[in-house]
Amino acid sequence: MDDLNEQGTEVFSHHGVILRSPNIREDDGYCNGTLSIVQYSFGKCVEWKPTEVSEVSDCPEQDWSLVTTVGQRARTISTNSGSYDGHKMQPVRIEVRELKSYKVKKHGRHLILMQNDGTSHNAFYFQYGNADCFVNAMRAVVRTRRSARDRNLFIVLEERNELQSLNHSFAELNLFPENPTDVVWKFVSNLKHRPYETTMETFSKLTDVFLYKPPEQRPEDEVADLLNRSLNSGEMLAGEVEEDYQMIPSLPPRPTITRGHPLSVEQWTRALDPATGMVTDPEGIKDIIFRGGVTPSLRYVVWKYLLGYYPWYSTTQEQQELRKQKVEEYFRMKLQWRSMSLAQEERFSDYRDRKSLIEKDVNRTDRTHPFFEGENNANLSLLHDILMTYVMYNFDLGYVQGMSDLLSPILILLSNEVDAFWCFVGLMDRVFRNFDMDQAGMKKQLSQLHSLLAAAEPELAVYLDQNDSGNMFFCFRWLLVLFKREFSHDEILRLWESIFTNRPCPNFHLLLCVAILDCEKDILIENKYQFNEILKHINDLSMKIDLDEVVCRAESIYIQLAATPDLPTTVKRILGLASHSATSGSSDDEDDLSREINDCETVHIADATTGEAAFERSINLNYL
C-alpha cells in the first residue's frame, strides 16, 4: 500500500454506513462510519472510516444546506458502546485498481466489495437511503459491466482517467491562467466547502466562453473523450449496449395525436350536481383537461380541485367549511413568523437564512410580468408572505431556490393569498422530492428519463452516453421547476393543468422531456454536439418550444411504448403499466433490487464532484 499518511482529496462520501464484521454475532458486530472515494497521488481508493461519536447532521456545510436543500432532520445514531467497543473496527482502504467487482443486494442497502486477490469485504450497510449514489460515483471512477449471470453484480473492467480529460478541457477552454491541474483540484476542494460560490464562479467563465468566444476559436473536444475512446474497448461497450438497448423490441408506429378543446363553462356546469355542487364525473373532467386544458375563466375554480385544495367529491357546503378552516390555519401560521422578534431571529440561524433567501428570490421572480413589475409592488409582498408561511408549514423542507418559480403562476392566477398558499401546498406535495437534501429525487427522475429515452429513442440515448451526457443533467432545470422557465406564462398554465391530471400516467412530465429531446435528436446528432454544446443547445430552447407539438408527441410516445410487446419491466413501472410484482421468476428482494439498480445505473457522473447538488443546480438552474 502506498503512503498511508498522505492527505487525499475526497471526491465522494456517504455517511451512516455500517461495516458488519463476519466474525462477530450480527447483533453485536457492527460499527457506524463513512464510506468514501478518495483521490491520492497514487490513484483512487475506496475507504471506510468508523465514526467515533453520534452525528446529528450528515452535512458539515450548514450554510449551503440551509438555504438550498431540504432542511436537516435531527437523527440519532445508536452508539451503544456495549455493541462494538470491544470489537472496534479498523479503517478500510482499497485501491480502486485492486477492485475486481462489487455487488449490491437487499433492496440496494448492502454492498460487498471484492478485490483481485479474492478478498471480500462483507458487508457495508447503508442506514440512510441505499447504495445508488455509491454505484453512480463508481461508474465515474471505473468502467464496469453488469454480470450476465447475476444482475446485482458489477464487474470492474478498468479505472477511468477522468482527471487528464478534465485538465485537457480546462486547458483548451483557456478559462484559467493557472496550471489546469491545480485548478481542477482547487475546484474539487472548494466545492465541498463553498459549493454555490465555487460552481457559480466556474460556470460564469464557461458562460463567457460560449456566449462571447467566436465559434471558430472553440475547442473541438471541450469536455471529455472518455466514452468516445470506449468505443474501441469492445467488451464493455458491447455488453452495455446489448443489455441497455438491444433488449428493446421493435417499436410499433406512433399514432397521430391532436389536441382537443379546453374544458368549457357548459361542460363544467353539466358536471356539477345541481343539488350539492359536487363534481359527478371527475375522471371525465380530467380527460377533457388533459386533452385541451381549461377555459381561462374556469381556472380559478378548477385548479383548486387539480391541486387538492378541494376534494373532487366534496359538496359546496363542505368546501365552504373547509375554506374557513384553511383561512384560520393559514393566518395562525403566518402570525408565528410575523410575531418573531429580532432577538429570536438572531438565535435561529435556520429561520434567518431561509428568510434572507426568500427576500432575495422574491425580488427577482417574474419581475417582467405585469402582476409583479414595478417598484413597491404589493403582489411581491404576497409572494413573500406565502413563502414565509410555507416555511412554518413545512420547516423540514423550508425554502429552496426554485420554489418561488412554482408559486408565481399560482398566485398570478388566483390573486388570493390563502387560496394561493393551499394550492401551492398541493403542488409542493407533488414535487417536494425535487428538493431533497441529497438530490435523490432528482437523480431518480433523471435515471428514469434515461430509461424512457433508451426505450423510445435508443439511438439518441446511445449518442448521449458516448458524449458524456448520459447523466441527463442538462434536463435538470426542466424537472426541478416543471418547465417553468421553458415556456411563457400562459403556456405554463396550459401545460401544468395537463400534468396535474396524471394523464396518461403520473410520470407524464418525463415523457415531455423525451418528446423535446426527440424533436432535437437530429440537430444534436448531425452536428456532433458534445457535452458543452448539448448543454448550451438545451438551455437555448427556452421560450422556443412548440408546446402543443411536444404534448402531442409525448402522448404519442406513451401510446407507442404501451403497445410495445415485451417492454422492459423498468420502463413499464415508470409508465405505470406494471406492478412491482410483475417480474416473474425472482424473489421480491431481487425484483426490488433489480428495479432500484436499473433506475440508477444510467446516471453517470461526468466529473468526480458532479454528484453534488450544487453542481447539478448550477448547471441547470443558473446556466442561462
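Residues numbered from 1 in each chain as written. Predicted model: local features only at pLDDT ≥ 70, side-chain atom pairs only at ≥ 80, totals over all residues. Heavy atoms only, no water.

## Section: the overall build of the protein chain
Counting secondary structure elements, the protein chain contains 27 helices and nine strands. Looking at the 624 residues of the protein chain, the share that counts as buried comes to 55%. Looking at the protein chain alone, contacts between residues at least 24 apart form 70% of all its contacts between residues at least 6 apart. (Helix = DSSP H or I, 4+ residues; strand = E, 2+ residues; numbered from the N terminus. Buried < 20%, exposed > 50% of the residue type's maximum accessible area, 1.4 Å probe, protein only. Contact = heavy atoms within 4.5 Å.)

## So, helix H17 (residues 417-431)
The first and last C-alpha atoms of H17 sit 21 Å apart over 15 residues, in line with the 21 Å expected at 1.5 Å per residue. Of all 15 residues in H17, 13 are buried, a share of seventy percent or more. The opening residue of H17 is Asn-416, an N-cap whose side-chain oxygen sits 3.1 Å from the backbone nitrogen of Val-418. (Expected span 1.5 Å × (residues − 1). Polar contact = N/O pair within 3.5 Å; in protein donor to acceptor, adjacent residues only side chain to side chain.)

## A closer look at the packing of aromatic side chains
In this description, a pair of aromatic rings is defined by centroid distance and the angle of the planes. As enumerated under the stated definition, the model contains 23 aromatic pairs in all. Here the aromatic rings of Phe-371 and Phe-372 are separated by 4.9 Å at their centres, their planes lie at 90°, and the arrangement is edge-to-face. By the burial criterion, Phe-371 is buried, and Phe-372 matches it. Connected via pairs of aromatic rings, a cluster forms that spans Tyr-330, Phe-331, Tyr-390, Tyr-393, Phe-421, Trp-422 and Phe-424. When the ring centre of Trp-422 is taken as origin, the NZ or CZ atom of Lys-326, which lies over that ring, is 4.1 Å away. Between the NZ or CZ atom of Arg-354 and the centre of the ring of Phe-395, over which it lies, the distance is 4.4 Å. (Phe/Tyr/Trp six-rings, centres within 6.5 Å; stacked < 30°, edge-to-face > 60°. Lys NZ or Arg CZ within 6 Å of the ring centre and 35° of its normal.)

## Examining the pattern of salt bridges
As enumerated under the stated definition, the model contains 29 salt bridges in all. For Asp-419, the salt bridge identified is with Arg-323, shortest N-O distance 3.0 Å. Of this pair, Asp-419 sits in helix H17 while Arg-323 sits in helix H12 (residues 316-338); the two residues are 96 residues apart in sequence, bridging distant segments of the chain. In this structure Asp-419 comes out as buried when scored by relative accessible area, which is 0%. Residue Arg-433 is joined to Asp-436 by a salt bridge in which the shortest nitrogen-to-oxygen separation is 2.4 Å. Residues participating in the shared-partner salt-bridge network are Arg-254, Glu-457, Glu-459, Asp-518, Lys-521, Glu-549 and Arg-553. (Salt bridge = Lys/Arg side-chain N within 4 Å of Asp/Glu carboxyl O.)

## Some words on the environment of Glu-159
When you line up the elements, Glu-159 lands in strand E9 (residues 153-159). Along the sequence, Glu-159 and Thr-144 sit 15 residues apart, while their C-alpha atoms lie 9.0 Å from each other. Among all residues touching Glu-159, those that are not within four sequence positions of it are Lys-44, Val-96, Arg-97, Val-141 and Val-142.

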